[in-house]
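Geometric and topological summary
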Protein chains: 2
Amino acid sequence: METNIEQKVKRERWSNEFSEWYNEMIELAGIQDKRYPVKGMNVWLPYGLRIMRNIENFIHDEMRRTGHDEVLFPALIPETEFEKEAEHIAGFHGEVLWVTHAGERPLDVRLILRPTSETAMYPMFNLWIRSHADLPFKVYQIVNVYRYETKHTRPLIRVREISRFFESHTAHDNFEDAERQIKEDLEIFDNLAKKLALPYIVSKRPDWDKFPGAFYSLGAEVIMPDGRTLQIGTMHNYKQNFAKAYEITYEKEDGTHDYVHQTTFGMSERLLAAVMAVHGDDNGLVLPPTIAPIQVVIVPIPMKDSPYDVNAYAKEIAEELKRAGIRVHVDDREEIRPGRKFYDWEIKGVPLRIEVGPRDVESKKAVLARRDTFEKFTVEREKIVEEVRKTLDAIMENLYARAKEFLESHIKRVDTIEEAKQLFEDRRGVVELPWCGEESCGVEMEEILDASMLGIPYPEETAKIEGKKCAHCGKEAKYIARFARTY
Amino acid sequence: METNIEQKVKRERWSNEFSEWYNEMIELAGIQDKRYPVKGMNVWLPYGLRIMRNIENFIHDEMRRTGHDEVLFPALIPETEFEKEAEHIAGFHGEVLWVTHAGERPLDVRLILRPTSETAMYPMFNLWIRSHADLPFKVYQIVNVYRYETKHTRPLIRVREISRFFESHTAHDNFEDAERQIKEDLEIFDNLAKKLALPYIVSKRPDWDKFPGAFYSLGAEVIMPDGRTLQIGTMHNYKQNFAKAYEITYEKEDGTHDYVHQTTFGMSERLLAAVMAVHGDDNGLVLPPTIAPIQVVIVPIPMKDSPYDVNAYAKEIAEELKRAGIRVHVDDREEIRPGRKFYDWEIKGVPLRIEVGPRDVESKKAVLARRDTFEKFTVEREKIVEEVRKTLDAIMENLYARAKEFLESHIKRVDTIEEAKQLFEDRRGVVELPWCGEESCGVEMEEILDASMLGIPYPEETAKIEGKKCAHCGKEAKYIARFARTY
């Protein structure tokens, strides 16, 4: 057993190291360049963007599957529209960027750069939605949004320009149908998370932390290597709140009119941050094969005076893999030693490496090296497609399984604040406590724990609360509340 | 022969009608909604966006083919970076949107919303490009850009937010390699234009109309139905102009340093405007099959008391076409009459309609109706894939051929200003005139003709100018200059 002091030192190093590791990997793996001359706004590099596009392709697929239409709204919103919903403006007013001039001339109506698109979209929903036949109405877009963060910024995680922001917006003829939509959003999110091999938890946010203007908000989180949580998806039921502010009504079958019910669902480039952090290791990224721009890299290892042409052999294998629909790259750069190539592709997280030397050509074999386990094994040349497919599947499963284990081992349910405090001191992660449901109690617990309340597990677990007392006030507990230090 | 007066009336009606037709089609075909509450910023509707995405897929393909990497830069540029190149800022200063505040606080350094990305990218090129081994350096992005147009705005054509702006930026180690890049850009553009069935002309812009900061600019134009030209592509050779302003140098093989040579290539959602305008007719859009979201719409025509299931027959055909990689949709909406369906899909420009009634089911046939020629013919059920493929190819060819004929018949070369004036009065289009090459002459000719000089034909036609006199000053002509009324 380590002593508490040893543990503490280790934990702090670990935590610092993760932050350093992350910043280094953003750069070394070619994800983004942070040197753009506006703080919190970064440049997407080709490799990072290719990964993100692969993630987005899965989002587009899911949207098509569920009948959401893609739209594209302007990034600028007139002040007059932005100010129609009181809670919403209160939530965003402090961090919006204002466009005030065109050339030298001040604008008649100032414009904001969207921090999210409710106030851009809903004046149009007002025009588009006429009758019950138009409902449910489901659209989405992936766009750049702007939030002038005053906190420490971090690429993909906390930025002033979120350049890959996904938002779907729906309208329904009643609360139940909106609830069905939230369920569909959760299903979409689950499908996507599986493609990224990301296990996660969903919590219903406490009232003081819900989306500005929402009736309730759900948040999906992963746990990062330093034990802090990262929100990577949110679903909101707005009830008729925005519909009333923007006068979005529809004619019912009986001829009367009512306000629509609305929901939204949001994700962003944080998905990539989660993939990097959850799967990465000391050698660099470890990309799930599903989204890796290069699934297999082939490194020919030539030997002087050998009669065997390893480059030709590598290309032949590559062609066969390509025909089988596998994204493959042959690294035949001259004057760069194989060891250096291994190092480069490990940083970039290519899931599988194939090494071919003269002996492999001779014996009609190839060496496969897994990025996730560093396992190396020799396969028959004629079985290469089959072996590669099998190995990519195995990598996918292993990434998910080990991430799941990490997640589960970092969620602890306890009964008292003291136990919770101790957990946050020993190791970070998610701590669950019984809670009476009062905001004052919840906020005080946040302060004592120096952590945020993520909310209550969703779907709600009513059965397990019976007989528990609120960890702060001692009254009967109504909920299990999750706390975590968050990104 | 029509009289001059008749011609004039017709021409005016034609011109007015085109503008009305275009605005109506933007709305009726579901391309964009113009009612967004900021002038010159429009909402992309699902159908329009699907067409645009198909166009962009061809652009991405061409970029991959030619080794351009996709990047994504922030939309905001600090004033300090924006102001480094004098001509560039002079060209854009009057129409940039300024972000001056975050929440209530004024920003230390004001930001502009990119009107184009030279001033965002080149500070990073300065960091990225080190040696001759990094060259040629080729990147591109498709992003939203902002130009506060004071002229009359028009969807896709003249807007304050260009939401689908393509820009590629390259750096080279000498002028010749930059020139090779311009040739490659022209080849890319030509491949794309063929996919859109768009014949076009390329002109080298006069000095007073080149891109701010460019050494020279090329522009590619189509001729719209009203005879005005629309610029849909531009290529610029910057020489070392921006490289000097942004200190983009590289180490040569001999160890000395030099500034890079740069080029850019730009396109936008105007490509879609050109497709709409050039191919459309009184019944609506006519989309080239290459980019049509729906290439074939099948309309079942049920008959009461018929024993034949036309819907099942339609779906069976649809499945077969889908398997063959054809984008097909069955319009089996109930309570909407076939005639109304025909009308809807004609407006949306679906290239091919298949009608199936009980008699077709019985005789194992189907009726094909071409959108471009309105031709209808019956085909054997078992030959349907083959017939559809053949017909889609024929539509593609016909669209190109008739657009080419229109283009060529609207370019006239004459020797005198009087002839040119008469041409602009009789009919619009492009008029070519001999020109001495002096800016003063060129600008005066623009004024007299009430037209813009597009520039000189590119590649240059030196041979045909011999012996010609400048149409304005009478001195020896150095160039053929093209004039047109432009969008």
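Rules of the game
Residues numbered from 1 in each chain as written. Chains lettered and ligands numbered in written order. Predicted model: local features only at pLDDT ≥ 70, side-chain atom pairs only at ≥ 80, totals over all residues. Heavy atoms only, no water. UniProt positions renumbered as here; feature names shortened; annotations may be inferred. Least-squares fit on C-alpha atoms with pLDDT ≥ 70 in both. Contact = heavy atoms within 4.5 Å. Pairing = 2+ DSSP bridges. Helix = DSSP H or I, 4+ residues; strand = E, 2+ residues; numbered from the N terminus. Axes fitted to C-alpha atoms, helices over the stretch in contact; angles between N-to-C directions. Domains from an automatic or database assignment. Buried area = accessible area lost by both parts, 1.4 Å probe. Nonpolar A, V, L, I, M, F, W, Y, C, P; charged D, E, K, R; others polar.

For chain A, an unreviewed UniProt entry supplies the name Proline--tRNA ligase and the organism Thermococcus litoralis. For chain A, the Subcellular location (unreviewed entry) comment in UniProt is given as "Cytoplasm". Quoted straight from UniProt, the Catalytic activity (unreviewed entry) entry for chain A says "tRNA(Pro) + L-proline + ATP = L-prolyl-tRNA(Pro) + AMP + diphosphate".

1. Brief notes about the relation of the copies chain B and chain A
At an RMSD of 0.0 Å, chain B and chain A line up after a rotation of 180 degrees and a shift of 0.0 Å along the axis. Look at the turn and shift together and you get a two-fold axis relating the two. Closest to the rotation axis within chain B is the C-alpha of V99(B), separated from it by 2.2 Å. Both copies share a contact surface, since 100% of the interface residues of chain B are interface residues in chain A too.

2. Quick look at the sheet that holds strand β6 (residues 105-113) of chain A
One open sheet holds the six strands; their spatial order is β4(A)-β6(A)-β5(A)-β5(B)-β6(B)-β4(B), and the pairing between them is antiparallel. Edge positions in the sheet fall to β4 (76-78) of chain A together with β4 (76-78) of chain B, since each has one partner strand and no second. Each strand of the sheet is rotated relative to its neighbour by a mean of 45 degrees, with strand direction disregarded. Across four bridges, the pairing between strand β5 (residues 97-102) of chain A and β6(A) is antiparallel. When the sheet's bridge partners are listed, W98(A) is paired in β6(A) with I112(A).

3. With respect to the domain arrangement of chain A
Residue and element names in this part refer to chain A. Per the domain assignment, the segments of chain A are domain 1 (4-279), domain 2 (296-394) and domain 3 (411-484). Centre-to-centre, using C-alpha coordinates, domain 1 lies 27 Å away from domain 3. Contact with domain 1, which involves 22 residues of that partner, is made by 21 residues of domain 3. In total, about 1,800 Å² of surface goes out of reach between domain 1 and domain 3, with carbon and sulfur atoms giving 58% of it. Mapped by element, the contributors of at least two residues to the side of domain 1 that touches domain 3 are α1 (4-28), α6 (175-195), β9 (201-204) and β10 (216-223). Counted by class, the side of domain 1 that touches domain 3 contains eight nonpolar, six polar and eight charged residues.

4. What about the sheet that holds strand β18 (residues 365-370) of chain A?
All names here are of chain A. The five strands lie next to each other as β16-β15-β17-β18-β19, forming an open sheet whose pairing is mixed. A single partner strand is all that each edge strand has here, and the edge strands are β16 (328-330) and β19 (376-380). On average, each strand axis in the sheet is inclined to that of its neighbour by 25 degrees, with strand direction left out of account. Taken together, the four bridges between strand β17 (residues 352-356) and β18 define a ladder with antiparallel strand orientation. Looking at the pairing, E355 lines up with V367 of β18. Sitting on the sheet, helix α9 (residues 310-323) is in contact with β15 (296-300), β16, β17 and β18, with an inclination near 165 degrees to β15.

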